[in-house]
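A closer look at the structure
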Amino acid sequence: MADSDGGIGSSTIWFLFCELYKQPGKIALITGGNRGIGLRIVKKLVECEIEVILGVRNPIDSRKAVEAYLEHANIPFGSCKLHFEQLDIGNMKSVREFAAKIKTKFDKIHLLINNAGVMSVPFKLTAEGFESHMAINYYGHFLLTHLLLPQLKAAGTADCKARVVNVSSCVHKIGEIDYKDINKVKNYYPADAYNQSKLAQVLFAKYLTLIFEEEGLPILANSLHPGVVNTDLFEHSSTNYIPWIRALLFKNPEEGSRTVVYAAISPKLETRSGCYLSNCREASSHRYWNNSVQCEKLFNFTCDTLGIDDFFYKRN
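Residues numbered from 1 in each chain as written. Predicted model: local features only at pLDDT ≥ 70, side-chain atom pairs only at ≥ 80, totals over all residues. Heavy atoms only, no water.

Now for the overall build of the protein chain. Looking only at helices and strands, the protein chain features nine helices and 10 strands. Expressed as a percentage of the 316 residues in the protein chain, the buried residues total 57%. Here the analysis covers contacts within the protein chain between residues at least 6 apart in sequence; of these, 73% occur between residues at least 24 apart. Total accessible area on the protein chain stands at roughly 14100 Å², and carbon and sulfur atoms take up 51% of it. (Helix = DSSP H or I, 4+ residues; strand = E, 2+ residues; numbered from the N terminus. Buried < 20%, exposed > 50% of the residue type's maximum accessible area, 1.4 Å probe, protein only. Contact = heavy atoms within 4.5 Å. Areas by Shrake-Rupley, 256 points an atom, 1.4 Å probe, with all protein chains shown as cover.)

Here you go:
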């Protein structure tokens, strides 16, 4: 039973800045929840009695990884409400198929955590012609948010809004959206491509907030920096040559999961949307973060790129 302040009984659980709250009946969807910080996010959501859908590349292997991790943490896998569905977030056809399947099984999605991502990977265009960082980190999550918007609308109420959480990075602050060469075909530098995709996630969350508030929709949208976390996200970075630096200076995956979970469930954010968070606090963002013209420009560009005519289903 939860205390009157929303904590978990007499054994309120604190993860530095992130307090967990029992929320039975809620459904969360996370992309890439089978390793790294995603695995720790799933654990925390399970401890809140939240039903979790994991969109993953390999559902069978992911199920084994999550089961082993939870059992090691003394959480009986059989007691958890978990669903593993195939999703290649960088492939828009896969995103559409995944969303269609989710919509047949779930009328409501209370929490959408856009978590999956890549960093500093070699140059590659997807089958649909998108640069990998933009496809995986941004386009796929943009499309997924659009497709699941009816489920988010249905889940949110005036007192307890649905939430969209974009896992970005502090490097978005030095990112630039290169509309003339969005795929970095002319001049590819992995860090620039990554920074661009992370900035796109932040501006997307901000624009969603503007429209949600304008339309009176019961949905919050925030973005965040989980910290510089020691996960395999850095497998293509120079830190591979000095791994002890990562162990010494980076956050561990559990610490990296805290701000994500805070953004997803904290009552303190129930009236806050369009925020950029770091260490479970609001933080400064890119110079375009509060520029509605720039946010709308990227939003419209992305809709055109993905062939989305009516993102908010206003014509329905």
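Taken in spatial order, the eight strands line up as β5-β4-β3-β6-β7-β8-β9-β10 in an open sheet, and their pairing is mixed. Each edge of the open sheet is held by one strand with a lone partner, namely β5 (82–86) and β10 (281–282). Pairing of strand β7 (residues 162–167) with strand β8 (residues 219–225), which is carried by six bridges, proceeds in the parallel orientation. Paired with V164 across the two strands is A221, which belongs to β8. In the packing of helix α3 (residues 92–105) onto the sheet, contacts are made with β3 (27–31), β4 (51–56) and β5, and the angle to β5 comes to roughly 145°. Where helix α8 (residues 253–265) meets the sheet, its contacts fall on β6 (111–114), β7, β8 and β9 (276–278), and the angle it forms with β7 comes to roughly 160°. (Pairing = 2+ DSSP bridges. Axes fitted to C-alpha atoms, helices over the stretch in contact; angles between N-to-C directions.)

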